[in-house]
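Read off the chains here:
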Amino acid sequence: MNGNGVEEETAFEIGVVVPKSSDCIEVLVEEFRKAGLIVDRVVGLQNEFIRLGAPIETLGKAAAELQLKKRTHIGDNHEIFLQLLLNSEHTILVSGVDLQFHWDEVEAFERQPDGSLFSWFERYCCYRHIIYGIVNTSTSTVVLKSDGIEVHWEPGKPLLRILESVGIVKEVFPVHDEKKTKQLLRSWALNWWDFTVQPIDDICNYYGTKIASYFAFLGMYTKWILFPAAFGLTVQLVDFGSLQLFVLSAFFISIVSWAVLFLQFWKRKNSALLVRWQMNYPAGVDNGSRLLEGE
């Protein structure tokens, strides 16, 4: 659900490359469905592509199992907030309170700028937790066959890891959301009327804080570079005669001052962006990356 109480649209966000249909693949697809994932199968010339999507409830439960930390509302939903505070052993105060995510108390947590509950990195970590968390819960070994190869799925072992180790699952990768990429193409890449304006929140939500911070820096740098560029072009083309030495000195001083001011204003803007994106660590480190390191 988004901020207005409307259910989020489910998109296919993970792709799995496997050989064409076999017993192993049928079992894998069935296990994906049992885990609450939406499965779409596309048969290519040599391989089969399995696209995976997940309802927000499935991702929410995975986030709770991962003990994902998310920002809560302060001043709203006091009863829910106090309950979460009592259930959490550790809290981090950064212009808000980061608490362990609970699906049952989803309304207590802040959402992304576009209204979605999780960022892309958080969703990706949830997907990894789900698909690599499919294990053999029985007490006996399950024998799977694929092109004459027998695969032994032992109790407690993750199915996807086993299929990767024997080369049946060739690749697992994130899939672009065509709807969002087309929207970014129109509002960003093809927006020629104002080349300094960027949908920075949309970029952050789709690509993450590291890439969004990079383009935010480029956007600010492009705006700020217009003044020294115009000044330098004027100094180069115009003959100031006896004032030439004075103008050059003023130009050098202005460039040094410009560099100092630009750096300070970028620090302020970067801090404001980190607060807006609910980050409490440097922009170069994504929350999703931290979760992936823990797996």
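Since we're looking at a predicted model, the values are computed, not measured.

So, how was this worked out
Residues numbered from 1 in each chain as written. Predicted model: local features only at pLDDT ≥ 70, side-chain atom pairs only at ≥ 80, totals over all residues. Heavy atoms only, no water. Helix = DSSP H or I, 4+ residues; strand = E, 2+ residues; numbered from the N terminus. Contact = heavy atoms within 4.5 Å. UniProt positions renumbered as here; feature names shortened; annotations may be inferred. Salt bridge = Lys/Arg side-chain N within 4 Å of Asp/Glu carboxyl O. Buried < 20%, exposed > 50% of the residue type's maximum accessible area, 1.4 Å probe, protein only. Core = buried A, V, L, I, M, F, W, Y, C linked by side-chain atoms within 4.5 Å. Pairing = 2+ DSSP bridges. Axes fitted to C-alpha atoms, helices over the stretch in contact; angles between N-to-C directions. Phe/Tyr/Trp six-rings, centres within 6.5 Å; stacked < 30°, edge-to-face > 60°.

As a further point, take the environment of D202. Here D202 shows up in helix α7 (residues 200-207). Contact partners of D202, with chain neighbours within four places excluded, come to Q183 and L184.

Let us now look at the UniProt feature "transmembrane region" (unreviewed entry) in the protein chain. With numbering matched to this structure, UniProt assigns "transmembrane region" (unreviewed entry) to residues 211-231 and 243-266. The annotated region residues 211-231 carries 95% helix and 0% strand content, and the separation between its end C-alpha atoms amounts to 31 Å. The span residues 243-266 is 96% helix and 0% strand, and its two end C-alpha atoms sit 34 Å from each other.

Bringing the pattern of salt bridges into the picture now. Within this structure, the stated rule accounts for eight salt bridges. Between R41 and E48 there is a salt bridge, with the nearest N and O atoms lying 2.4 Å from each other. Judged by its relative accessible area of 27%, R41 is partly exposed. The salt bridge partner of E57 is K61, with a shortest N-O separation of 3.2 Å. Note that E57 and K61 are positioned in helix α2 (residues 56-65) at a spacing of four residues, about one turn of the helix.

Ranked by internal contacts, the top residues of the largest apolar core, which has 41 residues, are F32, I50 and L52. Elements with a contribution of two residues or more to this core: β1 (12-19), α1 (23-34), β3 (47-53), α2, α4 (120-131), β8 (149-153) and α5 (159-165). Element by element, the count of residues in this core is highest for α4, at six residues. In this structure, L52 is in contact with A11, F12, E13, I14, V16, F32, L37, I38, V39, Y127 and I131, ignoring residues within four places of it in sequence. I200, M220, L273 and W277 belong to the second-largest nonpolar core, a separate cluster that totals 13 residues.

Quick look at the sheet that holds β3 now. With antiparallel pairing, four strands are arranged side by side in an open sheet as β2-β3-β1-β9. Strand pairing shows two members of the sheet lacking a second neighbour, β2 (38-43) and β9 (171-174), which therefore form its edges. Across this sheet, the average inter-strand angle for adjacent strands is 20 degrees, counted without regard to direction. Pairing between β1 and β3: seven bridges, direction antiparallel. The residue of β3 that forms the bridge with V18 is E48. α1 contacts β1, β2 and β3 of the sheet and is inclined by roughly 150 degrees relative to β2. Against the sheet, α4 contacts β1, β3 and β9, and its axis sits at roughly 40 degrees relative to β1.

Evaluated as defined, the whole model comprises 17 aromatic pairs. Pairing F217 with Y221 gives two aromatic rings, centres 6.1 Å apart and planes at 15 degrees, and the pair type is stacked. With F217 and Y221 both in helix α8 (residues 209-224) and four residues apart, the pair spans about one turn of that helix. Given the relative accessible area of 30%, F217 is considered partly exposed.

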